[in-house]
Amino acid sequence: MRTRIITTALLFSSILSVSAQEEWTLPKCIEYAIEHNLNIKQQEANKMTSEIELNTSKWSRLPDLNGNVSQSFTYGRSLQMDNTYADRNTRSSYFSLSTNVPIFTGFQIPNTIALNKLNLSAAIEDLNKAKEDISVQVASAFTQILYNQELAKVARNQVALSQEQLKMKQAYFENGKASEAEVYEAKARVAQDEMSAVQAENNYKISLLDLSQMLELPSPENFNIKVPEIKDDFREISMPDAIYNEIVMNKPVIKAAQYRVDGADRSIKIAKSSYYPQLSFSAGINTNYYATNGMENKSFSTQFDKNVSKSFSFNLSVPIFNRFSVRNRVRTAKVQKMASEWRLDQAKKDLYKEIQQAYYQAVAAESKYKSSNIALDAAEVSFKLMNEKYINGKANATQYNEARTNMLKALSDKIQAKYEYLFRTKVLDFYKGVPLNI
């Protein structure tokens with residue numbers, strides 16, 4: 001039995017290991033985050049609460065049924081039938097069933113049901129908005145990993161290049177073509193590049209940690225992303241007005257705000273329902289048992305059967321004066337509707353601002369990416385020429401380091417511009433309804 005448990009555990013561990021080593025694509029990261037992220041789960045809980053409230057309001061049309069049982073005891077002197085007082089101990093039991101059926105409530109029930117349907121629709125759109133937000137956050141974190149990963153690769157390559165330069169300087173020193181100071185300068189350059197490589201590797205690991213925490217993974221160990229093939233795609237960027245007009249009524253944040261405006265109309269009608277008379281039907285059945293010590297009492301079953309009484313009634317309540325409470329509830333509901341309309345207008349303005357910002361950020365990123373390509377080409381040519389001069393002794397270490405620093409900065413700028421352009425254009429496409437993918 002123990003051997004079987006160990007074998008099963010090892011098999012399960014190996015399956016988890018293989019699964020953990022699988023490379024994650026951006027769509028897979030987004031799908032996993034939507035399924036496991038705690039903010040998403042909180043929005044799902046809000047949606048379920050709205051579903052329960054809607055269900056409760058639908059059942060409010062039905063009659064209720066209540067049972068009541070009471071038992072009482074009386075001790076001490078009491079007035080008797082012969083107009084004298086005597087000590088008597090009595091006990092009594094009471095049983096009843098009652099029901100109440102709402103017939104007319106001033107349209108409160110149907111309006112409450114309609115309001116809860118709108119609240120549920122708004123909660124669903126809030127959930128969709130949370131999914132959109134986490135998708136963009138995951139895409140941003142995913143792009144940051146790609147950026148840091150490429151920088152780490154550049155840093156490692158630079159260490160290898162510096163080590164080759166050190167070997168060359170050591171060979172030149174042994175042949176008398178370089179000074180000992182040049183050798184130590186090359187060693188210092190290798191140490192600096194190794195330190196930069198360690199920092200770049202740490203940045204890459206931290207970005208992996210950030211994404212794994214966003215996905216609610218227990219640990220970033222064995223968590224790796226799949227590096228996509230990225231091509232320069234300088235297509236025409238859509239104008240913000242065209243994007244806004246196309247998607248404004250389909251975005252979850254706008255739909256949720258619109259549902260709440262419609263719900264505010266229903267809240268006004270619910271408040272006005274108290275102006276109307278309320279009509280209900282009620283019915284009941286009850287019986288009791290009574291016993292006094294020292295006297296002959298009929299049996300419980302006899303009294304239970306003989307003491308039954310039944311009743312039913314129609315109850316009409318007509319509001320006449322309620323200290324202006326209904327009027328003030330209606331006024332409050334109208335103010336809340338105005339606030340809901342303002343929130344809808346603000347949501348539309350915020351959405352338009354977001355699209356405008358995304359558009360100008362994409363345009364700027366495209367321009368920066370194109371400029372960084374030109375700058376890198378120039379820096380690489382300059383470094384290549386300077387490297388040849390340095391090897392041939394026609395340039396000093398200061399000139400070489402300056403050219404190398406300029407090339408590394410141009411390369412870093414290009415990598416940053418590339419992934420910024422990639423992310424900004426994908427976000428702009430996401431506003432148009434295109435799923436995020438790299």
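The structure under discussion appears in the preceding block.
How each quantity is defined
Residues numbered from 1 in each chain as written. Predicted model: local features only at pLDDT ≥ 70, side-chain atom pairs only at ≥ 80, totals over all residues. Heavy atoms only, no water. Helix = DSSP H or I, 4+ residues; strand = E, 2+ residues; numbered from the N terminus. Buried < 20%, exposed > 50% of the residue type's maximum accessible area, 1.4 Å probe, protein only. 1 Å grid on protein atoms, 1.4 Å probe; cavity = no way out; pocket = protein on both sides within 12 Å on 5 of 7 lines; lining within 4 Å. Points joined across faces, edges and corners; volume = space filled by probe spheres on them. Nonpolar A, V, L, I, M, F, W, Y, C, P; charged D, E, K, R; others polar. Patch = residues over 30% accessible without salt bridge, like charges linked within 9 Å, V, L, I, M, F, W, Y side chains within 5 Å. Areas by Shrake-Rupley, 256 points an atom, 1.4 Å probe, with all protein chains shown as cover. Salt bridge = Lys/Arg side-chain N within 4 Å of Asp/Glu carboxyl O. Expected span 1.5 Å × (residues − 1). Phe/Tyr/Trp six-rings, centres within 6.5 Å; stacked < 30°, edge-to-face > 60°. Lys NZ or Arg CZ within 6 Å of the ring centre and 35° of its normal. Pairing = 2+ DSSP bridges. Axes fitted to C-alpha atoms, helices over the stretch in contact; angles between N-to-C directions. Parallel < 35°, antiparallel > 145°, perpendicular 65-115°, else oblique. Left-handed = near helix turned anticlockwise from the far one by under 90°. Contact = heavy atoms within 4.5 Å. Core = buried A, V, L, I, M, F, W, Y, C linked by side-chain atoms within 4.5 Å.

Visitor: I tried to follow unusual backbone geometry on my own but got confused; where do I start?
Guide: It is generally the case that most residues other than glycine have a negative phi and that most peptide bonds are trans. Phi at Glu-216 is positive, roughly 65 degrees, even though this residue is not glycine. One can find Glu-216 in the loop between helix H5 (180-214) and strand S6 (224-225). For Asn-222, which is not glycine, the phi torsion reads 65 degrees and is therefore positive. In this structure, Asn-222 sits in the loop between H5 and S6. By relative accessible area, which is 41% here, Asn-222 ends up partly exposed.

Visitor: Looking at this structure, I do not really get the layout of surface pockets. What am I missing?
Guide: The gaps left among the atoms become clear once a water-sized probe is rolled over them. Empty space within the largest pocket amounts to approximately 350 Å³. Asp-133, Val-136, Glu-354, Val-427 and Tyr-431 are the residues nearest the centre of the largest pocket, which is lined by 18 residues in total. Looking at the lining of the largest pocket, the elements with two or more residues in it are helix H4 (108-174), helix H9 (325-391) and helix H10 (397-431). Here the lining of the largest pocket takes 7 residues from H9, the largest share from any one element. Residues of the lining of the largest pocket, tallied by class, amount to 9 nonpolar, 2 polar and 7 charged.

Visitor: Would you take a moment to explain a nonpolar patch on the surface for this structure?
Guide: A cluster of nonpolar residues, Leu-316, Val-318, Ile-320, Phe-321 and Phe-324, forms a patch on the protein surface that exposes about 610 Å² of accessible area. The class for Phe-324 is partly exposed, based on a relative accessible area of 43%.

Visitor: When you look at H5 in this model, what are you seeing that I'm missing?
Guide: Along an α-helix, a turn takes 3.6 residues, which lines up residues three or four apart on a common side. With 35 residues, H5 ought to run about 51 Å at 1.5 Å a step, and its terminal C-alpha atoms sit 51 Å apart, in line with that. Of the residues trailing H5, Glu-216 is marked for its positive phi of about 65 degrees.

Visitor: In this structure, what is going on with the packing of aromatic side chains? I would like to understand it.
Guide: Aromatic ring pairs: the centre-centre distance and the angle between the two ring planes describe each pair. Taken as a whole and assessed by the stated rule, the structure comprises 16 aromatic pairs. Note on Tyr-244 and Tyr-352: the rings are 5.2 Å apart at their centroids and 75 degrees apart in plane angle, and the pair reads as edge-to-face. In this pair, Tyr-244 is assigned in helix H6 (residues 240-247) and Tyr-352 in helix H9, connecting sequence segments 108 residues apart. Take Tyr-352: its relative accessible area is 25%, and that puts it in the partly exposed class. Grouping aromatic residues by their ring pairs yields a cluster made of Phe-95, Tyr-289, Phe-300 and Phe-304. The side chain of Lys-251 reaches across the aromatic face of Phe-430, ending 5.7 Å from its centre.

Visitor: When you look at the sheet that holds strand S5 (residues 90-104) in this model, what are you seeing that I'm missing?
Guide: In a beta sheet, neighbouring strands pair by backbone hydrogen bonds and run either parallel or antiparallel. Read across the sheet, 4 strands follow the order S2-S5-S7-S8 without closing on themselves; strand pairing throughout is antiparallel. Edge strands, defined here as strands with exactly one partner in the open sheet, are strand S2 (64-74) and strand S8 (309-317). Put simply, the sheet's adjacent strands are angled 20 degrees from each other on average, direction ignored. Pairing between S5 and strand S7 (residues 278-292): 14 bridges, direction antiparallel.

Visitor: Looking at this structure, how should I read H10?
Guide: Look at H10: 51 Å from first C-alpha to last across 35 residues, which is about the 51 Å you get at 1.5 Å a residue. Once H10 finishes, Gly-433 follows within two positions and takes phi at roughly 100 degrees, a positive value.

Visitor: Teacher, can you tell me more about the pattern of salt bridges here?
Guide: Per the stated rule, a full pass over the model turns up 14 salt bridges. For Lys-129, the salt bridge identified is with Asp-133, shortest N-O distance 2.9 Å. Taken together, the residues Lys-129 and Asp-133, both in helix H4 and 4 residues apart, mark about one turn of the helix. For Lys-129, a relative accessible area of 24% corresponds to the partly exposed category. The partner of Glu-366 in a salt bridge is Lys-370, and the shortest N-O contact between them spans 3.7 Å. Separated by 4 residues within a single helix, Glu-366 and Lys-370 lie in helix H9, roughly one turn from each other.

Visitor: Which parts of the structure should I look at to understand the packing of helix H3 (residues 38-59) against H4?
Guide: Angle between the axes and distance between the axes are the two parameters that describe a pair of packed helices. At their nearest, the axes of H3 and H4 sit 9 Å apart, and the two run at 170 degrees to each other. Considering their axes alone, H3 and H4 lie roughly antiparallel with respect to each other. Within the contact of H3 with H4, the residues separate by chemical class into 10 nonpolar, 7 polar and 8 charged.

Visitor: Looking at this structure, I do not really get the packing of H6 against H9. What am I missing?
Guide: Orientation of H6 relative to H9, taken along the N-to-C sense of each, is 140 degrees, at an axis distance of 9 Å. On the basis of their axis angle, the class for H6 and H9 is oblique. Read as a crossing pair, H6 and H9 show a hand that is right-handed. Only Lys-348, Leu-351, Tyr-352, Ile-355, Gln-356 and Tyr-359 of H9 make contact with H6, whose side of the interface consists of Pro-240, Asp-241, Ile-243, Tyr-244 and Ile-247.

Visitor: Would you explain the pairing of S7 in this entry?
Guide: Every other side chain in a regular strand lies on the same face of the sheet, so the side chains alternate between the two faces. Strand direction decides the pairing type here: S7 and S8, joined by 9 bridges, are antiparallel. Opposite Gln-278, over in S8, you have Ser-317 as the bridge partner.

Visitor: Even after reading the chapter, I still don't get the nonpolar core, so can you show me in this structure?
Guide: What tends to happen in soluble globular proteins is that the nonpolar side chains get buried as a cluster. Among the nonpolar cores identified, the biggest contains 48 residues, and Val-138, Leu-211, Leu-215, Phe-223, Ile-225 and Leu-351 are the most heavily contacted of them. Mapped onto this core, the elements with two or more residues apiece are helix H2 (26-36), H4, H5, H6, helix H7 (252-272), H9 and H10. For this core, the leading source of residues is H4, giving 10 residues. Sequence-distant contacts of Leu-211, that is, excluding residues within four places in its chain, are made with Cys-29, Val-138, Ala-141, Phe-142, Ile-145, Phe-223 and Ile-225. Core analysis: the second largest hydrophobic core is formed by 11 residues, Leu-376, Ala-397, Tyr-400 and Ala-410 among them.

In short, shape yes, function no, at least from these values alone.
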